[in-house]
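A structural walkthrough
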Amino acid sequence: MTDDRDRGEDVLAVLLPLLNACTALQASEPTKLSHRGGGLRVVLDVQLAGTSTVTVEREDVPQPSATRTRTGGAPARRQRRRLELPPGG
């Protein structure tokens, strides 16, 4: 991660061969992310070699009373209860 794209490319050119040469690690292909200032952001997954990979799939089951769906119009607003003064107060 750097604001200087050339420096980032230089570091990446040294780092990737080192990661790929290490037999204890397994690295994915890098993904370059955009950067507003023209710098460089790179993401890659590094794991221990020879370990099993676990994949988890999520299955959402909507709760019938937990969510309400509204279509169109302004967002729902919570109504406040007005407190009344006690009698004779």
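Reading the values: rules and limits
Residues numbered from 1 in each chain as written. Predicted model: local features only at pLDDT ≥ 70, side-chain atom pairs only at ≥ 80, totals over all residues. Heavy atoms only, no water. Salt bridge = Lys/Arg side-chain N within 4 Å of Asp/Glu carboxyl O. Helix = DSSP H or I, 4+ residues; strand = E, 2+ residues; numbered from the N terminus. Buried < 20%, exposed > 50% of the residue type's maximum accessible area, 1.4 Å probe, protein only. Contact = heavy atoms within 4.5 Å.

Throughout the structure, instances matching the rule amount to three salt bridges. When the shortest N-O distance is used, the salt bridge between Glu9 and Lys32 registers 3.0 Å. One end of the pair, Glu9, is in helix α1 (residues 5-21); the other, Lys32, is in strand β2 (residues 31-33), and 23 residues separate them in sequence. For Glu9, a relative accessible area of 26% translates into the label partly exposed. You can call Lys32 partly exposed: its relative accessible area is 45%. Through salt bridges with shared partners, a single network forms among Arg5, Glu9 and Lys32.

In this section: the environment of Thr31. Here Thr31 is to be found in strand β2. Setting aside residues up to four positions removed in sequence, Thr31 forms contacts with Arg41, Val42 and Val43.

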